[in-house]
Amino acid sequence: MHPKTRERLVLTVVGWLAAGLIFFPIFWMILTSFKTEVEAVATPPQLFFTPTLENYITVRERADYVHFAINSIVISVGATLLATLIAVPAAYAMAFFPGKRTKDLLLWMLSTKMMPAVGVLIPIYLLFRDTGAIDTRWGLIVVYTLMNLPIVVWMLYTFFKEVPKDILEAGRMDGAKPKQEVWMLLLPLSLPGIASTALLSIILCWNEAFWSLNLTTSEAAPLTTFIASFSAPEGLFWAKLSAASTIAIAPILVFGWMSQRQLVRGLTFGAVK
Amino acid sequence: MASTTTAAPVPGTSTTVGGRSQRNVKTLPLVAPSVVILFLWMIVPLAMTLWFSFQYYNLLDPTVGGFAGFENYTFLLTDPSLWTAMINTIFLVFWVLVITVGLGTLLAVLFDQDFYGRSIARLLAIAPFFVMPTVSALVWKNMLMHPVNGLFAFFTRSLGLPAIDFFGSFPLTSVIIIVAWQWLPFALLILLTAIQSLDSEQKEAARMDGAGPFSMFFFIILPHLGRAISVVIMIETIFLLSVFAEIYVTTSGGPGLASTNLAFLIYLRALREYDVGGASAAGVIAVILANIVAVFLVRSIAKNIAD
Amino acid sequence: MSTIVLKGIQKNYGAVQVIKGIDLSIDDREFCVFVGPSGCGKSTLLRMIAGLEEITAGDLMIDGQRINDVPPSERGLAMVFQSYALYPHMSVADNMGFSLRLAGVPKEERRAKVAEAARILHLDNLLDRKPKELSGGQRQRVAIGRAIVRKPKVFLFDEPLSNLDASLRVQMRIELARLHDELAATMIYVTHDQIEAMTMADKIVVLQSGIVEQAGTPLELYHHPRNQFVAGFIGSPKMNFLPAKVTAVTDTATTIALPSGASLDIPVRAGGQKVGYAVTLGVRPEHMRLAGEGELLGEVMVVERLGGETFLYTQLNDGTMLIVQADGEIPTGVHERISIKLDPAACHLFDGEGLAIERMERHPLANLRRLPTRKAS
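Residues numbered from 1 in each chain as written. Chains lettered and ligands numbered in written order. Predicted model: local features only at pLDDT ≥ 70, side-chain atom pairs only at ≥ 80, totals over all residues.

1. A word on the overall build of chain A
Counting its regular elements, chain A contains 14 helices and zero strands. Summarising the internal contacts of chain A: among those between residues at least 6 apart in sequence, 77% fall at separations of at least 24. (Helix = DSSP H or I, 4+ residues; strand = E, 2+ residues; numbered from the N terminus. Contact = placed C-beta atoms within 7 Å.)

2. Brief notes about the overall build of chain C
Summing up its helical and strand segments, chain C has eight helices and 20 strands in all. Projected onto its principal axes, the C-alpha coordinates of chain C cover approximately 75 × 45 × 45 Å. Looking at chain C as a whole, 40% of its 377 residues qualify as buried. Of the contacts made within chain C by residues no fewer than 6 positions apart, 66% connect residues no fewer than 24 positions apart. (Buried ≥ 20, exposed ≤ 12 C-beta atoms within 10 Å, placed from the backbone.)

3. Topic: the interface of chain C and chain A
On the side of chain A, 14 residues touch chain C, which itself brings 16 residues to the contact. Residue assignment for the side of chain C that touches chain A shows that the elements contributing at least two residues are strand 6 (77–80) and helix 2 (92–102) of chain C. Residue composition of the side of chain C that touches chain A, by class: twelve nonpolar, four polar and no charged. (Nonpolar A, V, L, I, M, F, W, Y, C, P; charged D, E, K, R; others polar.)

4. Examining the interface of chain A and chain B
Between chain A and chain B, the residue contacts involve 80 residues of the former and 88 residues of the latter. Per element, the largest residue contribution to the side of chain A that touches chain B is 16 residues, and it comes from helix 1 (residues 3–32) of chain A.

5. Describing the domain arrangement of chain C
Residues and elements named next belong to chain C. Segmenting chain C into domains produces domain 1 (4–231) and domain 2 (237–350). Each of domain 1 and domain 2 has a C-alpha centre, and the two are 39 Å apart. Contact with domain 1, which involves four residues of that partner, is made by six residues of domain 2. A class-by-class count of the residues in the side of domain 1 that touches domain 2 yields two nonpolar, two polar and no charged. (Domains from an automatic or database assignment.)

6. Some details on helix 3 (residues 107–120) of chain C
Residue and element names in this part refer to chain C. A rise of 1.5 Å per residue sets the reference length of helix 3, with its 14 residues, at 20 Å; its end C-alpha atoms lie 20 Å apart and thus fit the reference within 8%. Taken together, the buried positions of helix 3 are Arg-110, Val-114, Ala-117 and Ala-118. The arc that holds every buried residue of helix 3, seen down its axis, measures 100°, which confines them to one face. Pointing more than 90 degrees away from the buried face of helix 3 are the exposed residues Glu-108, Glu-109, Ala-112 and Arg-119. Considering only its buried residues, helix 3 is in contact with helix 2 and helix 4 (136–149). His-122 sits one or two positions beyond helix 3 and adopts a positive phi of about 55°. (Expected span 1.5 Å × (residues − 1). Arc of directions from axis to C-beta.)

7. Examining the pairing of strand 19 (residues 337–342) of chain C
All names here are of chain C. Sheet analysis places strand 15 (residues 288–290) next to strand 19, joined by three bridges and oriented antiparallel. Residue pairing for strand 19: Arg-289 is matched across the bridge by Lys-341. Of the strand pairs in this sheet, strand 16 (residues 296–305) and strand 19 are connected by four bridges, and their pairing is antiparallel. Its bridge partner being in strand 19, Gly-298 is matched across the sheet by Ile-338. (Pairing = 2+ DSSP bridges.)

8. As for the packing of helix 6 (residues 121–131) of chain A against helix 2 (residues 28–53) of chain B
Running from N to C, helix 6 of chain A and helix 2 of chain B cross one another at 110°; their axes reach a closest spacing of 8 Å. For the element pair helix 6 of chain A / helix 2 of chain B, the angle class is roughly perpendicular. With respect to the hand of their crossing, helix 6 of chain A and helix 2 of chain B are arranged in right-handed fashion. Two secondary-structure elements touch here, helix 6 of chain A through Ile-122, Pro-123 and Ile-124 of chain A and helix 2 of chain B through Val-44, Pro-45, Met-48, Thr-49 and Phe-52 of chain B. Its residues assigned to classes, the contact of helix 6 of chain A with helix 2 of chain B comprises seven nonpolar, one polar and no charged. (Axes fitted to C-alpha atoms, helices over the stretch in contact; angles between N-to-C directions. Parallel < 35°, antiparallel > 145°, perpendicular 65-115°, else oblique. Left-handed = near helix turned anticlockwise from the far one by under 90°.)

9. A look at the domain arrangement of chain A
Residues and elements named next belong to chain A. Domain parsing of chain A yields domain 1 (3–55) and domain 2 (63–266). For domain 1 versus domain 2, the separation of C-alpha centres amounts to 32 Å. Taken together, the ten residues of domain 1 in the interface contact eight residues of domain 2. Taken together, the elements giving at least two residues each to the side of domain 1 that touches domain 2 come down to helix 1 and helix 2 (37–40). With three residues, helix 1 is the largest single contributor of residues to the side of domain 1 that touches domain 2. Of the residues in the side of domain 1 that touches domain 2, the class split is four nonpolar, four polar and two charged.

10. With respect to the nonpolar core
Here is a general trend for soluble globular proteins: nonpolar side chains tend to be buried in one another's company. One finds Ala-91 and Leu-156 of chain A together with Val-33 and Leu-156 of chain C to be the most contacted residues of the largest nonpolar core, which totals 274 residues. Setting aside anything within four residues of it in sequence, one finds Ala-91 of chain A in contact with Val-153, Leu-156, Tyr-157 and Phe-160 of chain A. (Core = buried A, V, L, I, M, F, W, Y, C linked by C-beta atoms within 7 Å.)

11. Quick word on unusual backbone geometry
Residues and elements named next belong to chain C. In the segment running from Ser-236 into Pro-237, the intervening peptide bond is cis, with an omega of -5°. You can see Pro-237 is positioned in the loop between helix 8 (228–233) and strand 11 (240–249). Even without being a glycine, Arg-29 presents a positive backbone phi close to 65°. Looking at the secondary structure, you find Arg-29 in the loop between strand 2 (16–26) and strand 3 (31–35).

12. Quick notes on the pairing of strand 14 (residues 278–283) of chain C
All names here are of chain C. In this sheet, strand 14 lies alongside strand 11 in antiparallel orientation, the contact comprising six bridges. When the bridges of strand 14 are listed, Phe-241 appears paired with Gly-282. Summarising the sheet, strand 14 and strand 20 (residues 348–350) pair through three bridges and their orientation is antiparallel. Pairing of Leu-281 across the sheet is with Leu-349, part of strand 20.

Here it is in structure tokens:
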């Protein structure tokens, strides 16, 4: 056998082994969701069994999955749009008209993210209670917007900085006003970057579990709350929990996989010049 | 003498006023919305937290009230639980960073190679990034690390060894494993992009100079990854400092305080003991810690990233 | 009509002054080339004229109007960037028509103007392509087309040919000269390549560290460089410089002695030069020839044969390196010893400060202008 081919085969085995190990917990969860509760806890663990949809049926009867899923979508997309809308002008100004303090400002923005959310939970909770924002979609959208704003600004800033200055200057020579410059040149040019920023923001919103658990109860509760409702009293019903978990992560997992090419290309935070 | 006191403009030249940019773009209105709302988001709760931290305030006991001075702080600072939580926080951040950056680099090199079905394998490897922290914690806790029915227990028993009680015996390590599993794909994604951006001529030149796989890794690839590693460390640190869901779901900070980090300690104080004053004081300390980390770590790293 | 006048133009970045007061006037329909080493400020100066950089001090006038504070698009200029700066998400036609679209020109008129520019530049078949589907030369044309469409008073070029390969560069050079003739517009062109400057310019402006060293026609700079910097910058290969001493001064010539002992009568006005002063002799490789009884003796170290001519890199007896241009047919080889004769009438003399000492005779072509012949309009 040609040494190149052998090397490739070895790499294939190692690569798939590594990927398989990393993916295994998710695989096992999905597998368990098709078992009966008895099979789920059986020793030795069962790899081959007759799959059943019974867990999914039970989960559907117990809670309105669609309601939670729609909340998750509305809140994630809403917060992402809002954050992008606020961040684009800021990132534009910082990338193309940097001042002495621009970098400090960016770092300060990032540092607000280091504040543990629990530290400010009580004040936020009280504020939300007094403004009627508890258990509303817009309340969570506002919180998620603020939560992701620093990351969104930072990512857009790095993408905007990659846009050749010459092209914007050519636009200026052609008579583009600042607004036209942003809409007709900058945004189309950095569309891939904006897309991956939005992707990351949606993923972070979808998976956020602290604020959603503490600020929503039913009306506006997203899928993280849905999972929590299955985990607390039903901790021992693994098959049902797996089924609930599977349908909770399925949309974002499929979405993430479909857009992974974009994500792989864009998720650099300016690490690659 | 009088002539020295008046600075006359140089005749014949006209000077534009101020140092404004030629574009005439006022950057303030563009940046202001982001800055103002982030500032409010930070300062309002912080002010309230600061205020509460100087109060006697217990949600269970409305009779307790009034100005507490520094009592909440002295109580907290003399309480060993704060120091335990702080050390746990740093421990968790440090080890997750080591694991994700270390394994992430190796995996990035692996996935940079061409092998059969690489793109599918890569899809599998980045999957944990899309999984909710609560779900992943539940899966690891119940199906993998469970001392009786977990898969790991089954494996150790098959080898004739006693099952490991992960959350009982190694609570913090177990949490670290789960969190590292979640963040490994993130490190992999960024490092892989960075490796792929490495100039192939540079690699070829190194090969011509006689570099084998190891010298290639240590002298060419690793130095090239410096910037990407900085980014991974910075972004992950931001999220790891406030790990919460994984602890909440698996160990609830226990046994004792063995796996309690600062975020969880505040939660314990506020929502388990209903001690708003004490929780707020811990919150203030957490914010201070966050800022120390921000100043030391992120600043030194981020400065060269922002260039 | 479009004349450009710069009066005391300065540019500071913080405390650093990069343009140190430039006075210059560029005539209508003139092809003016800014040339200089990298970092000399030529691009900055162009960008200040374009309106992309703020002018710290001084006046910039177009047709007598001060335009320091006029936005770039209202100055009546168009610019071709070094990177071409094409809009990657737009087709060639949209790229060229973008300025018209921003100006609110109706679609039909826009299409006609774009088609007209495309015809001039032979881009007719490429109008629907995206920039990334074009070759380097085609992109270059689109960038020029984008400028032409606006019918500007003045064209600005920022090193437009530096990303092209050598043969394409020569071709575009000719095309630009033709275009200049056809459009009868004022053009300002920045380059670091003195050949581009010599071949295209009506007026060359040599810049160094933010000041104008000399401005004039190509042959004026070649035959009457004002100082050693300009002398060395214009001409290829570079002018040779040799240390010398003034030994005699007369009304018609200054006699100098070279370290080799040889003596030369150079036809320059002595001015303030006195016997004993140290001067520098400048002589171009093309103004030397091999001869039995030459003033300089040396050993050939490297031979570059270009076919038509041969360059001999020669080490003189005192160690100085000298480039000599010789005929393509000479059989001289490496390590041969040669004797070199100088043509005193073509020699330059520079004083202790590096300033040229004025020559007796002005070169007959030094004032030759290359302005385009006006077509019947």
